[in-house]
Amino acid sequence: MTTMIELRQVSKSYGRGDAEVHALREASLAVIDGEMVAVMGPSGSGKSTLLTIAGTLEEPTAGEVLIAGQPVSNMSKAKQAQLRRRTIGYVFQDFNLLPGLTAAENVSLPLELDGTSARKARVAALKALDGLRLGDRAGHYPDQLSGGERQRVAIARAMIGERSIVLADEPSGALDSVNSEAIMRLLHGACKDTGMSAIVVTHDAQLASWADRVVFIRDGRIIDQTTPAAGPESLLVNATPEAGK
Amino acid sequence: MSVRHAMLALLSEGPKFGLRLREEFEARTGEVWPLNVGQVYTTLQRLERDGLVESDGDSDSEGPQKAYRITGAGAKELDTWLRTPPDLSAPPRDELVMKVLVALELSDADVSEIIQAHRRYLVELMQQWTRIKEDGDPADLNSGLAVDAEIFRLASVVRWLDAADDRVRRVKADAEPPVANPATTDRGDPDDERPVPNVPWALPRLRGNSRQEGRTTPR
């Protein structure tokens, strides 16, 4: 069991004086390998800020972020950039696929940017798309894909290169409930099968319930979290239908 | 879920013994609603009494030896039931809603904390149902739909808690005195002229608190 990502007493504020806004206040969170954690809170609660800081896209005002036990603040900018290319994958609400590239090209892009040959990157991209049942969509452009397919391409891009951490910000966005479920099933399955760690931020309890642990955030503070409960079989014993009259 | 109509539905496929009815009921509801043998036979006896099913076996024989078949009246009853929407016109007496409303009336209750305790519990339940869905056979439509119904129901309760939490916070924020302006508070009763938030069930506590916090002179 390895702690893949850890936030220690992380705070983030924007602006100064009367205009200062505290987006995150002394937030601590540790995610182990194979674990999927959902961060649940309303708009403006600080959950997206938590994700961008965990992903080293922003620096905290105070506190420390550790990736696989290594403090990010001790890393050079080049090392942090390498971390973002090789270790951490990002999934955004609006997919963020590049419109002029096919699905396969979008997925292979992070590998190519990291120096992998175009041929090898394409092979890896096709394999990743196949794994998400998108093999027959590899040559399609984003505007030729449905919303659910676009997000699965984005997930393939986030996971390619055997990255060990995936951070997702409202990954099901405006997708319907069936497609949303498919996205969460995919992310949770990847964590179980590959040992990948994931943090998913969402305001939606239904999506959060796919996570192994749900952390609740309010006004920039982590206020609570779910605890491992009794097994699912306890629910089946408690559920009783209405008897016939 | 009505066991009575579920039995009629299963018998509409052909005559069946009581034990088989129980097995099929549990299998088709994804074992979400376990049923005991007593419930099955009590239900079948009542259906027979009402002329909705009839039994083939010897009238003296015990349940397991009896095969039941649906009657014409039973088929009609089943069809009517399927097409009749359940009565959802009156809101149920919801214990959770009552707890939150009562908390609003108590001056020393932290309503957000109380709401969060319920929210956590509900999300934990949803996690358990989601694990059942994740581990289940995707081709088992009955089970998937039964579990979905429970997850959607719990999700709607969490959404209500989220909305309640947000409303309470907003009303509370509106009712709080302007602490950054000591000139106002020095005059004594800054909240007396404050507009009352338009949330009737929230008024007694929130207005009482804000007056207390804003007051600098004793009555």
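Given the structure is predicted, the values throughout are model-derived calculations rather than measurements.

Considerations on the overall build of chain A
Okay, so step 1: Broken down by element type, chain A carries eight helices and ten strands.
Okay, so step 2: Its C-alpha atoms give chain A a radius of gyration of 19 Å, near enough to 18 Å, the size a compact globule of 245 residues would have.
Okay, so step 3: In terms of overall dimensions, chain A has C-alpha extents of about 65 × 60 × 35 Å along its principal axes.
Okay, so step 4: Per-residue burial for chain A yields a buried fraction of 42% across its 245 residues.
Okay, so step 5: Contacts spanning at least 24 positions in sequence make up 69% of the contacts within chain A whose residues lie at least 6 apart.

Notes on the pairing of strand β10 (residues 221-225) of chain A
All names here are of chain A.
Okay, so step 1: As paired strands, strand β9 (residues 213-218) and β10 are joined by four bridges and run antiparallel to one another. By the bridge assignment, Ile217 is partnered in β10 with Ile222.
Okay, so step 2: In sequence, β9 turns back onto β10 through a hairpin of two residues, with Asp219 there showing a positive phi of about 50°.

Here we look at the domain arrangement of chain A
All names here are of chain A.
Okay, so step 1: Taken as a whole, chain A is organised into domain 1 (1-8 + 24-87 + 164-230) and domain 2 (99-159).
Okay, so step 2: For domain 1 and domain 2, the distance between their C-alpha centres works out to 23 Å.
Okay, so step 3: Taken together, the contact between domain 1 and domain 2 spans twelve residues of the former and eleven residues of the latter.
Okay, so step 4: If you list the elements that add at least two residues to the side of domain 1 that touches domain 2, you get α2 (77-86) and α6 (177-194).
Okay, so step 5: In terms of residues, the side of domain 1 that touches domain 2 owes the most to one element, α6, which gives six residues.
Okay, so step 6: Per-class residue counts for the side of domain 1 that touches domain 2 are nine nonpolar, one polar and two charged.

Re unusual backbone geometry
All names here are of chain A.
Okay, so step 1: For Gln9, which is not glycine, the phi torsion reads 50° and is therefore positive.
Okay, so step 2: Positive phi, close to 55°, is recorded for Glu162, a residue that is not glycine.
Okay, so step 3: In this structure, Glu162 sits in the loop between α5 (147-159) and β7 (165-169).
Okay, so step 4: On the basis of neighbour counts, which here come to 11 C-beta atoms within 10 Å, the residue Glu162 falls in the exposed class.

Here's the deal with the packing of helix α1 (residues 3-11) of chain B against helix α2 (residues 18-28) of chain B
Residues and elements named next belong to chain B.
Okay, so step 1: At a minimum axis separation of 10 Å, α1 and α2 run at an interaxial angle of 105°. Considered as vectors, α1 and α2 are oriented roughly perpendicular to each other. Residues Ala6, Met7 and Leu10 of α1 form the contact with α2, whose own contacting residues are Leu21, Glu24 and Phe25.
Okay, so step 2: Partitioning the contact of α1 with α2 into residue classes produces five nonpolar, no polar and one charged.

Some remarks on the sheet that holds strand β1 (residues 16-17) of chain B
All names here are of chain B.
Okay, so step 1: Read from one edge to the other, the open sheet built from three strands follows the order β1-β3-β2, with strand pairing classed as antiparallel. Among the strands making up the open sheet, the edge pair consists of β1 and β2 (53-55).
Okay, so step 2: Bridge count between β2 and strand β3 (residues 67-70): three bridges; the pairing is antiparallel. Counted as the bridge partner of Val53 is Ile70 from β3.
Okay, so step 3: Along the sheet, helix α3 (residues 37-49) makes contact with β2 and β3, crossing β2 at roughly 105°.

Description of α3(B)
Because the α-helix completes a turn every 3.6 residues, residues three or four places apart line up on one side.
Residues and elements named next belong to chain B.
Okay, so step 1: Between its first and last C-alpha, α3 extends 18 Å over 13 residues, near the 18 Å set by a 1.5 Å rise per residue.
Okay, so step 2: Within α3, burial applies to Val40, Thr43, Leu44 and Leu47. The arc that holds every buried residue of α3, seen down its axis, measures 100°, which confines them to one face. Residues of α3 that are exposed and point more than 90 degrees away from the buried face comprise Gly38 and Arg49.
Okay, so step 3: Buried positions along α3 lie against α1, α2, β2, β3 and α4 (72-83).
Okay, so step 4: Where α3 ends, the next residue or the one after it, Gly51, has phi of about 75°, a positive value.

So, how was this worked out
- Residues numbered from 1 in each chain as written.
- Chains lettered and ligands numbered in written order.
- Predicted model: local features only at pLDDT ≥ 70, side-chain atom pairs only at ≥ 80, totals over all residues.
- Helix = DSSP H or I, 4+ residues; strand = E, 2+ residues; numbered from the N terminus.
- Rg over C-alpha atoms; globule rule 2.2 N^0.38 Å.
- Buried ≥ 20, exposed ≤ 12 C-beta atoms within 10 Å, placed from the backbone.
- Contact = placed C-beta atoms within 7 Å.
- Pairing = 2+ DSSP bridges.
- Domains from an automatic or database assignment.
- Nonpolar A, V, L, I, M, F, W, Y, C, P; charged D, E, K, R; others polar.
- Axes fitted to C-alpha atoms, helices over the stretch in contact; angles between N-to-C directions.
- Parallel < 35°, antiparallel > 145°, perpendicular 65-115°, else oblique.
- Expected span 1.5 Å × (residues − 1).
- Arc of directions from axis to C-beta.

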